[in-house]
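# Inside the fold
Residue-level listing of the chains:
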Amino acid sequence: MRIKKNILLSAFTITFLSCVTYVMSQQVRSTEPKITQDTIKNNKTGLIITIDSVFTDNGLKLKPYKKNAHASYYADKFTGRKTADGSRFDNNKYTAAHKKLPFGTRIKVTNEANGKFVIVKITDRGPFVKTRELDLSKRAFMDITRSKGAGAMKVTIETIVE
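Residues numbered from 1 in each chain as written. Predicted model: local features only at pLDDT ≥ 70, side-chain atom pairs only at ≥ 80, totals over all residues. Heavy atoms only, no water.

### Here's the deal with the side chain of threonine 95
To be explicit about the condition: Here a helix means four or more residues in a row that DSSP labels H or I, a strand means two or more in a row labelled E, and each is numbered from the N terminus. Two residues qualify as a contact provided that any one of their heavy atoms is within 4.5 Å of a heavy atom in the partner residue.
Along the chain, the position of threonine 95 falls in strand β4 (residues 95–98). Leaving out residues up to four positions away in the same chain, threonine 95 has contacts with Phe89, Asp90, Val120, Lys121, Thr123, Asp135, Leu136 and Ser137.

Spelled out as structure tokens, the structure:
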């Protein structure tokens with residue numbers, strides 16, 4: 001009887017440890033971007049003053065711009081028209097319109113709902129709707145959206161520091 005209990009206990013322990021090991025191996029490890037900061041040391045006081053935060057993510061230097069920004073996409077009727085920077089708009093390129101960012105600025109736009117992101121270039125002004133922060137080309141929008149029928153989403157905008 002005692003041998004059966006030991007065998008049963010050993011089998012239970014091995015099964016339990018196997019399950020725990022499997023579950024732990026399936027957990028996704030977080031790959032948070034590394035934060036580096038530009039700093040200046042004041043020689044008189046010895047204090048370190050933080051100037052600006054810059055994130056490093058897969059070799060890109062990113063500067064946070066805005067969280068919870070409302071983004072939409074250009075209608076097809078704008079394809080071929082001139083943008084504010086003088087180029088022709090193409091809904092198949094990775095471009096965007098923003099009210100204030102300088103033309104040529106590259107930004108990383110991340111969909112907050114699913115974590116997908118694209119890198120786009122600012123080529124136009126807009127959107128001209130008060131609640132919206134960014135108009136993406138249709139291709140960029142569809143690459144990161146959760147629902148292909150959606151017309152807008154909440155995004156995080158980070159500028160790429162050259």
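So that's the structure; there's more coming.
### Let's talk about the pattern of salt bridges
Where charged atoms from two side chains of opposite charge come close, those side chains can pair. Applicable threshold: In what follows, salt bridge is the name for a side-chain nitrogen of Lys or Arg lying within 4 Å of a carboxyl oxygen of Asp or Glu. For each residue, the accessible area found with a 1.4 Å probe, counting protein chains only, is set against the maximum for its type, and the residue is called buried under 20%, exposed over 50%, and partly exposed in between.
Under the criterion given, the structure shown has two salt bridges. The salt bridge partner of lysine 66 is glutamate 133, with a shortest N-O separation of 2.9 Å. Residue lysine 66 is found in strand β3 (residues 60–73), and its partner glutamate 133 is found in the loop between β6 (117–124) and β7 (134–136); the two are separated by 67 residues along the sequence. Judged by its relative accessible area of 36%, lysine 66 is partly exposed. Lysine 138 serves as the salt-bridge partner of aspartate 76, at 3.4 Å between the closest nitrogen and oxygen. Highlighted residues: aspartate 76 in the loop between β3 and β4 and lysine 138 in helix α2 (residues 138–144), separated in sequence by 62 residues.

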